[in-house]
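# Observations on the three-dimensional arrangement
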Amino acid sequence: MVNLIQQLINGIVLGHAYALVAIGWTLLLGVARLVNFGHGQMYMLGAFISWWAVSDLGLPYWAAVPLAMAAGALFGLAMQRIMLRATFEQNLVSIMIMTLGFGYVLQGVAALVFGSTGQILDTPLSQRDIEIGDLWLTWQDAAIVVAAIVVFAALKWVLDGTRIGRLVRMVAEDPKLAQLAGIDVRRVYYGVFAFEGAAVAFAAGMIAPRTPILTSMGFEEVIMTFVVVVFGGIGSIAGSYVAGVGLGIFAALFGALVSPAYTSAAAFLVLIAVLVLRPGGLSAGAAKGVH
Amino acid sequence: MSAAPDTIAPVLHARGLQATYAGNRAVEVESLAVAPGEIVGVVGANGAGKSTLVNALAGWSRGAPSVSGEVSLDGRRVDAWPTHQRVRAGLLLVPEGRLAFARMSVEENLTAAFAPQSGRGRRIYTRDEIYALFPRLHERRGHLGSQLSGGERQMLGIGRALMMGPRVLMLDEPSIGLAPMLVAQVLETMRTLAQAGLSILLVEQNVRAALEVVDRLVLLERGRVVLDGPAGQVGADPRIAQAYLGANA
């Protein structure tokens, strides 16, 4: 019983981590109808910049994460600059190949700069535990859960309740009509890509302390993020949160009760089943656009 | 070519305007001008290039034409400007087709995306004024764009444009989807707006309805202006009378 509750706690933490990693891509997909297969490598970059800022620059963790976010936002802007034409033409095949390419270039450059050894990003929170009876998690884990909830709630509020959010929703729904409403669609696309870069770097700064960081870890991240984004219903903010947390709990329980080796395979089986039954994902019926 | 009064500087003036789709010339207009407070009707058969023409003036399209030529708004060249910048300067297009943001309420659809600048000849309508103009939109204000009828979407599109302080209003087939009563009402509204100084370029397939309100009529055939003159005169031209009024009667 204790083991089960412990697995549930692990699953909740893991799930919020999945959701936090996926939020940038969710917005990207919802607003600009873009996929970013370089997402996982951008996560890796965020983790390494955080680690480098702490270990080499001697910055405190609290300053290292914003630095990684700034780098992520700049990288996102540069990517969008290069892909702008394809974005406007909604040339998804080109975008898939280009983002995949960006990812591999990023991975190669990171391997050259940071080497192939695994690194540990220690934070003031990751070394302190919360123990309740036999149950256990770190303060970093608790911070991930809180951060994911805050970021999701904030994004939802910005989209639904602010002027900027309204402009973003207009572009998401019909970029051409948005132009005729006087919106500079290009700036919205840039903004969304900068958010994607900053958000994934933030997620990396928060989550990477849980495991050793490697320059090759991007692929696993991009796959799990893709599952969350599709599960949640393309571009749905609330759907991504539910999908992320659900996937985390599923992975933790499946890993503990069946076998951790088959967790990814099982997750994909469930994904395929859900997509057959509800083609729009969890938020079917309201799957298009950002919510 | 242009019949705009020579003494009054046109609000909108296009010169040597060309639009091509994959090498096929869809529009080739040597000169087209709209004077202050003037309503110019653009008529022609399907595929004559009417929509392509107004889209090119707005620097906008759902397709990907390549457009060249000069477009001036109040004497300022705007042809190098992106769409949103022309919109902000008051060159407004109510296109044919999708006019409403489907997942937004009417109220939200009628919320300006930017703060329009009031200027020479630009009147910025408030949402309440739009509701007064189209009471139907007020009744439907809580409904989503996707729940509106074709006519309601037309009203929404015109309303949104008026709220952005138009200097020139370009309407692409506003009578599509509207009941005859409402067509008359919309065209009547156009008249009132023009009397208040707004310049209007009206693309219409319904030549008979267009002739009721326009000051000047331009006939497009295969992308070229073949007739351009005062409504009464052009309306009596056999090319119009036979091909368009006859067919519509």
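Numbers given to residues run from 1 along each chain, matching the order in which its sequence is written. Chains and ligands are labelled by the order in which they are written, letters from A for the one and numbers from 1 for the other. Confidence filtering applies because this is a predicted model: local features only for residues at pLDDT of at least 70, side-chain atom pairs given and counted only at 80 or more, and all residues used for totals across whole chains, interfaces and linings. Calculation of side-chain values draws on the structure's entire complement of heavy atoms; hydrogens and water are dropped beforehand.

Another aspect to go through is the overall build of chain B. The helix and strand tally for chain B stands at 10 helices and 10 strands. Rg of the C-alpha trace for chain B: 17 Å, near the compact-globule value of 18 Å for 249 residues, within the 12% margin. Principal-axis analysis of the C-alpha atoms gives chain B an extent of 45 × 40 × 40 Å. Looking at chain B residue by residue over its 249 residues, the buried ones come to 53%. By definition, residues are in contact when any of their heavy atoms lie within 4.5 Å. Considering only contacts within chain B whose residues lie at least 6 apart along the sequence, 71% involve residues at least 24 apart. For every accessible area listed, the method is Shrake-Rupley and the probe measures 1.4 Å; residues are considered covered only by the protein chains on display. Counting only carbon and sulfur atoms, one obtains 50% of the accessible surface of chain B, whose full area is about 10400 Å². Think of it this way: Lys and Arg go in the positive column, Asp and Glu in the negative one, and His and the chain ends go nowhere. The location of each charge is read from NZ of Lys, CZ of Arg, CG of Asp or CD of Glu. Taking the average place of the 26 positive charges on the side chains of chain B and the average place of its 23 negative ones, the gap between the two points comes to 6 Å. For helices the rule is a DSSP run of H or I covering at least 4 residues; for strands it is a run of E covering at least 2, with both sets numbered from the N terminus onward. Radius of gyration here uses only the C-alpha atoms, and the compact-globule reference equals 2.2 Å multiplied by the residue count raised to the power 0.38. The classification of residues rests on relative accessible area computed with a 1.4 Å probe and restricted to protein chains. Under 20% of the type maximum is buried, over 50% is exposed, and intermediate values are partly exposed.

This paragraph deals with the interface of chain A and chain B. Contact residues are listed per partner, giving 20 residues for chain A and 23 residues for chain B. In short, buried area is how much 1.4 Å probe accessible area vanishes from two parts on joining, totalled over both. Summed over the three residues of chain A that lose the most area to chain B, namely Glu173, Leu177 and Leu180 of chain A, the buried surface amounts to 35% of that side. Salt bridge, as used here, is a side-chain nitrogen of Lys or Arg placed within 4 Å of a carboxyl oxygen of Asp or Glu. The tally of links between chain A and chain B comes to four salt bridges. With a shortest N-O distance of 3.3 Å, Arg98 of chain B and Asp174 of chain A are connected by a salt bridge. Throughout this description, a polar contact denotes any pair of N or O atoms lying within 3.5 Å of each other; where both atoms belong to protein, one of them has to be capable of donating a hydrogen while the other can accept it, and for residues adjacent in sequence the pair is counted only when both atoms sit in side chains. Our enumeration of links across chain A and chain B arrives at 12 residue pairs in polar contact (both at pLDDT 80 or more). When residues of the side of chain A that touches chain B are traced back to their parent elements, those giving at least two are α6 (163-173) and α7 (175-180) of chain A. Looking at which element gives the most residues to the side of chain A that touches chain B, the answer is α6 of chain A, with six residues.

What follows covers the pairing of strand β7 (residues 168-172) of chain B. Where a strand is regular, its side chains alternate between the two sheet faces. Residues and elements named next belong to chain B. Within β7, five of the five residues are buried, which leaves the element mostly enclosed by the surrounding structure. Of the two faces of β7, both are covered, the one formed by Val168, Met170 and Asp172 as well as the one formed by Leu169 and Leu171. In this scheme, strands are said to pair when DSSP sees at least two bridges between them. The pairing of strand β6 (residues 91-94) with β7 spans four bridges and is classified as parallel. Within the sheet, the bridge partner assigned to Leu93 lies in β7 and is Met170. Bridge count between β7 and strand β8 (residues 199-203): five bridges; the pairing is parallel. The residue of β8 that forms the bridge with Val168 is Ser199. Regarding the hand of the β-α-β motif, the stretch spanning β7, helix α7 (residues 180-195) and β8 is right-handed. Think of it like this: strands point away, you trace from the first strand over the helix to the second, and a clockwise trace means the crossover is right-handed.

What follows covers unusual backbone geometry. Residues apart from glycine generally show negative phi values, whereas peptide bonds are mostly found in trans. At Arg33 of chain A, a position not held by glycine, the phi torsion is positive, near 55°. Mapped onto the elements of the fold, Arg33 of chain A is located in the loop between α1 (2-32) and α2 (39-55). Residue classification places Arg33 of chain A among the partly exposed residues on the basis of a relative accessible area of 27%. You will see that Glu173 of chain B, though not glycine, has its phi angle at about 55°, which is positive. Relative to the helices and strands, Glu173 of chain B is located in the loop between β7 and α7.

This brings us to the confidence of the model for chain B. As a general rule, the predicted coordinates of low-pLDDT regions are not to be interpreted in detail. Looking at chain B, the pLDDT average stands at 89 and 96% of residues meet or exceed 70. Low pLDDT (under 50) marks residues 1-5 of chain B, which in the prediction has 12 contacts with non-local residues, meaning those over four places away or in another chain. Think of pLDDT as the predictor's per-residue confidence, scored from 0 to 100.

All names here are of chain B. Across the sheet, six strands lie side by side as β6-β7-β8-β3-β9-β10; this open sheet has mixed pairing. Two strands lie at the open edges of the sheet, namely β6 and β10 (224-230), each paired on one side alone. Averaged over all pairs of adjacent strands, the angle between their axes in this sheet comes to 15°, without regard to strand direction. Pairing geometry for strand β3 (residues 39-44) and β8, over four bridges, is parallel. Along β8, the bridge assignment pairs Val42 with Val203. The convention used is that axes are lines fitted to C-alpha atoms, helices contributing only their stretch in contact, and that angles between N-to-C directions extend from 0 to 180 degrees. Across the sheet, helix α1 (residues 50-58) touches β3, β6, β7, β8 and β9 (216-221), and the angle it forms with β7 is around 150°. On the sheet, helix α6 (residues 150-163) packs against β6 and β7 and is oriented at approximately 170° with respect to β6.

Another point: the environment of Leu27 of chain A. Counting through the fold element by element, Leu27 of chain A comes out in helix α1. In this structure, the C-alpha to C-alpha distance between Leu27 of chain A and Leu125 of chain A, residues 98 residues apart in sequence, is 29 Å.

Further remarks concern the side chain of Asp228 of chain B. Position of Asp228 of chain B among the secondary structure elements: in strand β10. A distance of 2.6 Å separates polar atoms of two side chains, one belonging to Asp228 of chain B and the other to Arg216 of chain B.

Before going further, it helps to examine the packing of α1 of chain A against helix α9 (residues 218-231) of chain A. All names here are of chain A. The contact between α1 and α9 brings their axes to 9 Å, and the two run at 65°. Classified by the interaxial angle, the pair formed by α1 and α9 is roughly perpendicular. Crossing of α1 over α9 shows right-handed handedness. Note on element contacts: α9 touches α1 through Glu221, Val222, Met224, Thr225, Phe226, Val228 and Val229, opposite Tyr18, Val21, Ala22, Trp25, Thr26 and Leu29. Throughout, the ten residues Ala, Val, Leu, Ile, Met, Phe, Trp, Tyr, Cys and Pro are labelled nonpolar, Asp, Glu, Lys and Arg are labelled charged, and all others, Gly among them, are labelled polar. Across the contact of α1 with α9, the residue classes break down as 10 nonpolar, two polar and one charged. Throughout, the term roughly parallel applies to angles under 35 degrees, roughly antiparallel to angles over 145, roughly perpendicular to angles from 65 to 115, and oblique to all others. Two helices that cross are described as forming a left-handed crossing if the nearer one is turned anticlockwise from the farther one by less than a right angle, and a right-handed crossing if clockwise.

On to the packing of helix α10 (residues 237-257) of chain A against helix α11 (residues 263-277) of chain A, then. Residue and element names in this part refer to chain A. Closest axis-to-axis distance for the α10/α11 pair is 10 Å, and the angle between their directions is 130°. If you check the angle between α10 and α11, you find them oblique. Handedness of the crossing formed by α10 with α11: right-handed. In contact with Leu247, Phe250, Ala251, Phe254 and Gly255 of α10, α11 contributes Thr263, Ala266, Ala267 and Val270. Each residue belonging to the contact of α10 with α11 can be placed in one class, and the counts come to seven nonpolar, two polar and no charged.

This brings us to the side chain of His13 of chain B. Residue and element names in this part refer to chain B. In this fold, His13 is placed in strand β1 (residues 12-21). A polar atom in the side chain of His13 sits 3.3 Å from the side chain of Ser31. The contact partners of His13, leaving out residues within four places of it in the chain, are Ser31, Leu32, Ala33, Glu70, Val71 and Ser72.

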